[in-house]
Amino acid sequence: MGVIGKLIGGPGAVTALGEAAKGVAEVFVPSSTRRMELSAEAQMAALRQLGEEYQHPALSWFDRMVNGLNRLPRPCLAFGTLGLFAYAMVDPEAFAKRMVGLNAVPEPLWWLLGAIVAFYFGARETYYFRTRGVVSPFAGRGSSEENAALEDWRQG
């Protein structure tokens with residue numbers, strides 16, 4: 001070690017030479033440890049951003065009223081269809097007259113009605129799909145001591 005130390009210039013020079021070699025090597029082959037650290041940081045940042053997007057403020061009375069109105073079309077369509085069957089059995093002649101009237105509706109208008117209904121229900125489904133609960137990848141890991149509020153909620 002004495003000869004190498006004299007040739008290179010001491011232990012500090014050996015350390016500096018080693019760091020320089022490491023820096024040059026990382027130019028050609030990136031550090032996998034650093035890559036994993038950066039990946040973990042990016043993943044945690046994305047999870048934090050996702051969590052912030054799905055935090056909802058308290059809804060006002062108007063928001064609750066509109067949400068209630070938005071829930072009416074499906075039951076109305078379902079019960080209305082059942083009502084048509086009952087109407088057809090109670091008064092077949094009047095039902096037939098109304099169906100002839102529906103037959104007079106032009107086909108483009110039926111296409112428009114279908115598009116409106118499809119987009120309405122599609123938008124509602126997309127809304128609920130996007131706002132469903134976010135499942136944490138860390139759920140169920142660790143002891144209950146780490147999350148005392150969750151443990152209180154489970155017991156209460």
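Structure shown above.
Residues numbered from 1 in each chain as written. Predicted model: local features only at pLDDT ≥ 70, side-chain atom pairs only at ≥ 80, totals over all residues. Heavy atoms only, no water.

Colleague: Even after reading the chapter, I still don't get the overall build of the protein chain, so can you show me in this structure?
Modeller: Counting its regular elements, the protein chain contains eight helices and zero strands. Element order for the protein chain, N to C, with α for helix and β for strand: α-α-α-α-α-α-α-α. Counting every position in the protein chain, which comprises 156 residues, the buried fraction comes to 2%. Of the roughly 13600 Å² of accessible surface on the protein chain, 67% is carried by carbon and sulfur atoms. (Helix = DSSP H or I, 4+ residues; strand = E, 2+ residues; numbered from the N terminus. Buried < 20%, exposed > 50% of the residue type's maximum accessible area, 1.4 Å probe, protein only. Areas by Shrake-Rupley, 256 points an atom, 1.4 Å probe, with all protein chains shown as cover.)

Colleague: Quick question: what am I supposed to make of the packing of aromatic side chains here?
Modeller: Each pair of aromatic rings is reported with the distance of its centres and the angle of its planes. If you walk through the whole model with that rule in mind, you get three aromatic pairs. Where Tyr120 meets Phe121, the ring centres are 5.1 Å apart and the plane angle is 75°; that geometry is what we call edge-to-face. (Phe/Tyr/Trp six-rings, centres within 6.5 Å; stacked < 30°, edge-to-face > 60°.)

Colleague: Just to check I follow, could you spell out the pattern of salt bridges for this structure?
Modeller: As a working rule, side chains carrying opposite charge can pair if their charged atoms are close by. With the rule as written, the count across this model stands at one salt bridge. When the shortest N-O distance is used, the salt bridge between Glu37 and Arg34 registers 3.2 Å. One end of the pair, Glu37, and the other, Arg34, are both in helix α3 (residues 32-53), three residues apart, so they sit about a helical turn from each other. Glu37 gets classed as partly exposed once you look at its relative accessible area, which sits at 39%. Taking the relative accessible area as the measure of exposure, Arg34 reaches 43% and is therefore partly exposed. (Salt bridge = Lys/Arg side-chain N within 4 Å of Asp/Glu carboxyl O.)

Colleague: Even after reading the chapter, I still don't get the environment of Leu59, so can you show me in this structure?
Modeller: Looking at the secondary structure, you find Leu59 in the loop between α3 and α4 (61-70). Those residues in contact with Leu59 that sit more than four places away from it in its chain are Arg64 and Asn67. (Contact = heavy atoms within 4.5 Å.)

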